[in-house]
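Take a look at the letters that make up each chain.
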Amino acid sequence: MSVPQFASAIADKSLTETGDIQTLQINLGRLCNLSCKHCHLSAGPEKREMMTRGAVDACLSLLREREFATADITGGSPEMHPEFRRLVSEARPLCARLIVRSNLTLLTEPGYDDLPEFFASRAVEVCASLPHYTKAADKTRGDGVFSRSIAALQKLNALGYGRGGLTLNLVFNPGGAFLPPSQAQIEKEYRAALERDSGVVFNGLLTITNNPLGRFGEFLERSGNMESYLEKLYNAFNPATLVGMMCRSQISVGPDGSLYDCDFNQAAGLPIEGATIFSPSAATGARKIRFGQHCYACTAGQGSSCGGAIKE
Amino acid sequence: MATYYEDKDLSKFGSVGEEAPALWEKFTAYYGAVFAEGALTAREKAIIALAVAEAVQCPYCIDSYTQDCLSKGVTEEQMTEATHVAAAIRGGATLAHGLQMKNVVKKLAL
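Only a predicted model underlies this, so the values are computations on that prediction, with no experimental measurement involved.

Chemist: Please clarify how the overall build of chain A should be interpreted in this entry.
Modeler: Per the secondary structure count, chain A includes ten helices and nine strands. A globule of 312 residues ought to have a C-alpha radius of gyration of about 20 Å, and chain A, at 18 Å, matches this closely. The C-alpha extent of chain A, read off along each of the three principal axes, is 50 × 40 × 35 Å. On chain A, roughly 12,000 Å² of surface is accessible, and the fraction owed to carbon and sulfur atoms is 52%. When the 31 positive and 32 negative side-chain charges of chain A are each reduced to one mean point, those points stand 2 Å apart.

Pasting the structure below:
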């Protein structure tokens with residue numbers, strides 16, 4: 001079976017353009033203390049791509065010049081970037097919501113273990129990877145990662161995350177070449193198991209479909225699953241998710257200052273043409289979105305985005 | 001025929017209804033209703049279906065319900081426990097039939 005080009009699957013062509021841009025997502029680099037098997041950016045300890053200080057300043061300038069509802073800081077492990085704390089501190093007053101995407105384990109390491117207090121003092125929203133509510137998560141992320149993640153979550157809870165005014169969301173990714181479960185259903189299971197087993201509470205669970213790029217794409221190729229996975233995504237194509245695709249409402253900044261429709265397009269090497277963070281005007285208004293076959297991951301079943309399911 | 005079971009045949013399952021569409025329609029409606037969320041969750045039903053599939057040794061159903069369990073967040077550890085439930089019932093049923101053997105022995109032996 002051959003999977004049709006993604007763009008041809010969109011009947012309403014107005015959905016191939018951006019809507020109201022609300023989010024600036026900033027990817028500080030590929031350096032990470034983990035090498036998760038599902039990572040679409042192949043981030044890891046050996047990666048050295050890091051955003052320059054000048055590009056960080058340009059991100060802050062754009063946040064000052066144009067009103068974004070949300071700044072979303074990601075990586076790699078963004079906390080490992082030397083400008084991370086400055087970026088968070090200066091960006092925080094510029095938008096209603098500032099999200100940091102954390103792998104949790106870094107928050108238990110020397111030099112970073114004061115970050116939970118830093119996050120709380122600035123009312124940062126923490127969006128934390130936890131691919132399963134048992135040690136099955138270690139199969140995707142590495143031995144011992146689950147127990148260290150739980151320790152970090154307990155510390156965040158003690159500071160008021162997940163139970164008071166501080167938002168703590170968790171992220172579920174499937175442990176292989178299949179779609180995620182119903183977000184509402186798996187959230188119930190997470191809530192019951194985490195509270196029972198370790199007293200951990202959280203605000204919401206976001207299910208994200210694995211994208212067939214980077215390290216996960218290499219797994220699909222190596223295991224002979226690429227074709228069947230793309231077919232699986234295509235067979236589950238849900239047109240009702242198109243209007244909520246995250247690429248329609250955000251700009252994603254790469255470590256080198258290139259701009260993208262989303263973090264997946266960073267992995268696919270599909271930048272927004274004619275714009276960089278140093279000259280962003282072509283990206284901040286209405287623009288044509290660049291699509292690839294990987295986009296089927298965001299429109300399969302209940303849909304998927306950095307904010308979780310699109311259409312439950 | 002190279003083998004009796006081909007995984008690609010699973011997608012042709014609907015062709016079984018070609019000569020008896022009314023019966024097929026009743027079956028598929030019933031099947032859909034059985035697996036809908038009810039007093040048991042769809043997830044719990046998928047785990048039961050996997051264990052039954054292994055017990056009745058249907059390779060198509062094992063493939064389908066392993067994938068269904070994975071997509072419902074069921075871990076390999078949980079699926080393995082379900083496999084043992086199927087094995088225990090099959091093994092237990094074999095042993096329970098030993099009672100028939102014992103009854104025959106009791107009747108006939110001195």
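Having seen it, we continue.
Chemist: Looking at this structure, I do not really get the overall build of chain B. What am I missing?
Modeler: Counting its regular elements, chain B contains five helices and zero strands. Seen in sequence order, chain B has helices and strands lined up from the N terminus as α-α-α-α-α. The C-alpha radius of gyration of chain B comes to 19 Å, more than 25% above the 13 Å expected for a compact globule of 110 residues. Taking the contacts inside chain B whose residues are at least 6 apart along the sequence as the reference set, 48% of them involve residues at least 24 apart. Taken as a whole, chain B presents about 8,200 Å² of accessible surface, with 65% of it coming from carbon and sulfur. Of note, chain B has its 10 positive side-chain charges centred 13 Å away from the centre of its 14 negative side-chain charges.

Chemist: Mind showing me how you'd approach the interface of chain A and chain B here?
Modeler: Interface size is commonly expressed as the accessible area that is lost once the parts come together. Chain A puts 14 residues into the contact, and the matching count from chain B is twelve residues. Roughly 840 Å² of surface becomes buried between chain A and chain B when both sides are summed, with 49% attributable to carbon and sulfur atoms. Viewed at the interface, chain B and chain A are joined by two salt bridges. With its nearest N and O atoms 2.9 Å apart, the salt bridge here joins B:Arg43 to A:Glu189. Connecting chain A to chain B are five residue pairs in polar contact (both at pLDDT 80 or more). Examining the composition of the side of chain A that touches chain B, we find that three residues originate from one element, helix H6 (residues 183-198) of chain A, more than from any other. When grouped by side-chain class, the residues that make up the side of chain A that touches chain B number seven nonpolar, three polar and four charged.

Chemist: I'm lost on the pattern of salt bridges in this one. Help?
Modeler: Pairing between side chains of opposite charge can happen when their charged atoms approach one another. The final tally for this structure, using the stated rule, is 18 salt bridges over all chains. Close ionic contact of B:Asp9 with B:Lys12 constitutes a salt bridge, the shortest N to O distance being 3.2 Å. In this structure, B:Asp68 engages B:Lys72 in a salt bridge whose closest nitrogen and oxygen atoms are separated by 2.8 Å. The class for B:Lys72 is partly exposed, based on a relative accessible area of 22%. Taken together, the salt bridges that share partners define one network made up of A:Arg53, A:Asp57, A:Arg64, A:Glu83, A:Arg86 and A:Glu90.

Chemist: Explanation requested: the packing of helix H2 (residues 42-55) of chain B against helix H3 (residues 59-71) of chain B in the structure shown.
Modeler: The packing of two helices is summarised by the inter-axis angle and the distance between the axes. Residues and elements named next belong to chain B. One can describe the packing of H2 onto H3 by two numbers: an axis separation of 9 Å at closest approach and a directional angle of 155 degrees. Between H2 and H3, the crossing angle belongs to the class labelled roughly antiparallel. Between H2 and H3 lies a crossing of left-handed hand. Across the interface between the two elements, Ala46, Ile47, Ala49, Leu50, Ala53 and Glu54 from H2 touch Cys61, Ile62, Tyr65, Thr66, Asp68 and Cys69 from H3. The residue inventory of the contact of H2 with H3, partitioned by class, reads nine nonpolar, one polar and two charged.

Chemist: I would appreciate a short explanation of the side chain of A:Thr18 in the present structure.
Modeler: Residue and element names in this part refer to chain A. Position of Thr18 relative to the elements: it lies in the segment before strand S1 (23-27). What makes Thr18 buried here is its relative accessible area of 8%. Other than its neighbours up to four places away in sequence, Thr18 contacts Cys247, Arg248, Gly285, Ala286, Arg287 and Ile289.

Chemist: Explain the nonpolar core here, please?
Modeler: As a rule of thumb, soluble globular proteins bury nonpolar side chains together. Residue and element names in this part refer to chain A. Core analysis: the largest hydrophobic core is formed by 61 residues, its most contacted members being Phe84, Phe119, Leu168, Leu170, Tyr190 and Leu194. Ranked by the residues each element gives to this core, the list is headed by helix H1 (residues 53-65), at seven residues. Ignoring any residue separated from it by four or fewer positions in sequence, one finds Leu170 in contact with Ala128, Leu130, Leu153, Tyr190, Leu194, Phe202, Gly204, Leu205 and Leu206.

Chemist: Can you walk me through the side chain of A:Gln266 in this structure?
Modeler: Of note, A:Gln266 is situated in helix H9 (residues 263-268). Those residues in contact with A:Gln266 that lie beyond four places of it in its chain are A:Asn27, A:Arg30, A:Leu41, A:Ser252, A:Val253, A:Gly254, A:Pro255 and A:Tyr260.

The rules behind these values
- Residues numbered from 1 in each chain as written.
- Chains lettered and ligands numbered in written order.
- Predicted model: local features only at pLDDT ≥ 70, side-chain atom pairs only at ≥ 80, totals over all residues.
- Heavy atoms only, no water.
- Helix = DSSP H or I, 4+ residues; strand = E, 2+ residues; numbered from the N terminus.
- Rg over C-alpha atoms; globule rule 2.2 N^0.38 Å.
- Areas by Shrake-Rupley, 256 points an atom, 1.4 Å probe, with all protein chains shown as cover.
- Lys, Arg positive; Asp, Glu negative; His and termini not counted.
- Charge placed at Lys NZ, Arg CZ, Asp CG, Glu CD.
- Contact = heavy atoms within 4.5 Å.
- Buried area = accessible area lost by both parts, 1.4 Å probe.
- Salt bridge = Lys/Arg side-chain N within 4 Å of Asp/Glu carboxyl O.
- Polar contact = N/O pair within 3.5 Å; in protein donor to acceptor, adjacent residues only side chain to side chain.
- Nonpolar A, V, L, I, M, F, W, Y, C, P; charged D, E, K, R; others polar.
- Buried < 20%, exposed > 50% of the residue type's maximum accessible area, 1.4 Å probe, protein only.
- Axes fitted to C-alpha atoms, helices over the stretch in contact; angles between N-to-C directions.
- Parallel < 35°, antiparallel > 145°, perpendicular 65-115°, else oblique.
- Left-handed = near helix turned anticlockwise from the far one by under 90°.
- Core = buried A, V, L, I, M, F, W, Y, C linked by side-chain atoms within 4.5 Å.

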